Structure formats: C-alpha cells, structure tokens
Amino acid sequence: MSESCDFDCSSCGTDCPSRKAPQENVCGENNGQAGCGEPPVLAPNELSKVKHVIAVMSGKGGVGKSMVTALAAVEMSRAGYNAGILDADITGPSIPRMFGVKGEIRGNAVGAYPLKSDGGIDIMSMNLLLPKQTDPVVWRGPVISGVVRQFWQEIIWEDVDYLFVDMPPGTGDVPLTVFQSLPVDGIIVVTSPQDLVNMIVEKAVKMANMMEIPILGVVENMSYFRCPDCGKEHHIFGESHLAHVVAQYDIPVLGRLPIDHRLAEASDGGEIETVEGHFLDEMAAVLKELDKD
Ligand code: ADP
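Residues numbered from 1 in each chain as written. Predicted model: local features only at pLDDT ≥ 70, side-chain atom pairs only at ≥ 80, totals over all residues. Heavy atoms only, no water.

Chemist: Any chance you could explain the site of the ligand here in plain terms?
Modeler: Gly62, Lys65, Met67, Pro258 and Ser267 are the nearest of the 16 residues found near the ligand. In this structure, an oxygen atom belonging to the ligand sits 2.9 Å away from a main-chain N or O atom of methionine 67. Between the ligand and asparagine 221, the relevant distance is 2.9 Å, taken from a nitrogen atom to a side-chain nitrogen or oxygen of the residue. In the complex, 80% of the free accessible area of the ligand, which totals 560 Å², lies under the protein chains. Among the elements of the structure, helix 1 (65–78), strand 7 (215–226) and helix 7 (261–268) are those that each provide at least two residues to the shell around the ligand. In terms of residue count, the dominant contributor to the shell around the ligand is helix 7 (4 residues). (Near = heavy atom within 4 Å. Polar contact = N/O pair within 3.5 Å; in protein donor to acceptor, adjacent residues only side chain to side chain. Areas by Shrake-Rupley, 256 points an atom, 1.4 Å probe, with all protein chains shown as cover. Helix = DSSP H or I, 4+ residues; strand = E, 2+ residues; numbered from the N terminus.)

Here you go:
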C-alpha cells in the first residue's frame, strides 16, 4: 500500500496487496482529457424514482449557488412537484442549514433515506452525516467524488420530480463525476455581476458541450438592490454583463435575484422556505418544459 493510500482503488494505479478493484478509466486521470473512456451513467438506488436531474454550478464560491439551488427547489415544490436536493458541495455543504434540517439519516439494507424539509423537499448532504456540523471534511478528491456517487446510488430518492445537485464551484473532480455518473438533464449556471461572467459562462458551456449536457440558462444573483424607500434599482456590483453573454452563447436568463437581507436572514436562519416572491419563474417554466418531453 502506498503511504498516501486513500483506500479508493478506483483512482489509484498502484498494484498492491490491498487492491480491491481495478482503476477506473476516468477523464483527467489518463490523458487529461474529459471524454476519454467514459464510464457509464450509474443506476440509481433500486427504490429511487427520479424524473429529472438538474445540476447547479458556478465559477467561484460565494456567488449564491446554494441560494439559487434552494430557491429553485422551493419554487418547484410550490408548483406542486416533488423536489430534492443532492448537496454535492461535500467540503462546503450549506443546504441543511438553509432549510433548518437536522437529524439522523436512517437506512436499511437497500439504502438510506434523505431527510425531508418542512415543505417536503428531500435533502441529502454531507453535513447530515457529520458528528458535528462544524467538523471539516478533509478528504482527497477521489474520496469526495465517491461520496457523491454514493449519494446517488445509496440514497433512496423515493419519488422526486426534480433533483437539484448543488455542485462545488468550478469545473473540478466533483462536477466531472456528477456529469459522468448521474443522468443530468441540464445545467443552471449561477453568476453575479462582479463575476468574470464571460469567462465563467464560456467554461461552463465548454464543459457542458464535452459532456453533451444542455445548459438550461443563467441565473444572476445579487443582480441589484431595490431601495426600500424609493423603489429604485441600484447596481451595487456594477452593471450586468448578462445581455452580452446571452447573445454570445444563445442561452436564456432564467432569473435575476436582488441583494436582499431577507434572503440572507432566511437562509442563515434555516427558513428559506418562508421566503416570499417568485424570483425564478422563468427557470420554473423551462424546467416544466422538460417534464413534457
Ligand atoms: P455559494 O453556494 O455560491 O458559495 P451561498 O448560496 O452559500 O453561495 O451564498 C453565500 C452567502 O451569501 C450566504 O450567506 C447567503 O445567505 C448570502 N446570499 C446569497 N445570495 C444572496 C442574496 N441574493 N441576497 C442576500 N444575501 C445572499
């Protein structure tokens, strides 16, 4: 066994006595190219019934990807669909806190059940498995990707119309695992006006093309601040560059969220489901179209 063994034989080429499984021919580990020797999409748990998988990605952390994931699930749930969130942000999970969800994950020989939010949204996150929510997850990439696969295969997503996958920022190991291993129907890209939107969207578009998964559209978070006194919109982080991006890449804008202390308070206080307003109506319309196919 090598000194740096992380017990994940799928990512290790060392031929040692402890080897249990062959090395997977995954992208980036053989020739650095996505698309090489693509492993097949993984079957979900035998008791799962998931209609659509939607990945939510961003170029960097802190732009509000989890906020958009949470509001998207709330919006679809309010529209009468069963929504779920697979929190694939393993080292920075924030979904359970936003929904005020805590408790023990229970399982049986076939798999384990996600926890339900007050509004009935199914949630699975690394934070629900940690002894203390403040415990850090200090694992190497292949182990983290393994957990994401387990959240798909070993969690019983009993009856979910839209399963939103809250990805870690960027285009690293976990997004690659999600795109290769889960039957992702489409990608929502979250940006903010201070982002280098062009570059981020272009990277997302290129990755989506490599993976042959459509980008459903872009949501701009922290887009503006509406003055509570005069009602005027102020562009705190500068003017949006979205119109340009939309024209260049021919992808729709699915929503614009204001900077609003009520959103921050609701998410920090575990009450995201109490937020009023339909910030993501265009997104909901696009997702509903998927259901007609
Ligand atoms: P990410 O998932 O991209 O890292 P989060 O969704 O966790 O980002 O958001 C980062 C922080 O910003 C959180 O504290 C969240 O409550 C706050 N936040 C996100 N979007 C907004 C918004 N539109 N208005 C006010 N606060 C926001």
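After that view of the structure, there is still more to cover.
Chemist: Is there a simple way to explain the nonpolar core in this structure?
Modeler: The tendency in soluble globular proteins is for nonpolar side chains to be buried side by side. Leu86, Phe99, Phe164, Val178, Phe179, Ile272 and Leu287 are the most contacted members of the largest nonpolar core, which totals 85 residues. Other than its neighbours up to four places away in sequence, leucine 287 contacts Ile54, Met76, Tyr162, Phe164 and Leu216. (Core = buried A, V, L, I, M, F, W, Y, C linked by side-chain atoms within 4.5 Å. Buried < 20%, exposed > 50% of the residue type's maximum accessible area, 1.4 Å probe, protein only. Contact = heavy atoms within 4.5 Å.)

Chemist: What is the right way to read the environment of asparagine 45 from this model?
Modeler: By the element assignment, asparagine 45 lies in the segment before strand 1 (50–58). The exposure class of asparagine 45 is buried, given its relative accessible area of 4%. C-alpha separation for the pair asparagine 45 and phenylalanine 151, spaced 106 residues apart in sequence, amounts to 9.4 Å. Beyond its immediate stretch of four places on either side in the chain, asparagine 45 contacts Val110, Gly111, Trp152, Gln153, Glu154, Ile155 and Ile156. In this structure the side chain of asparagine 45 is engaged in a polar contact, spanning 2.9 Å, whose partner is the backbone oxygen of valine 110. Engagement of the side chain of asparagine 45 in a polar contact is seen with the backbone oxygen of glutamine 153, the distance being 3.1 Å.

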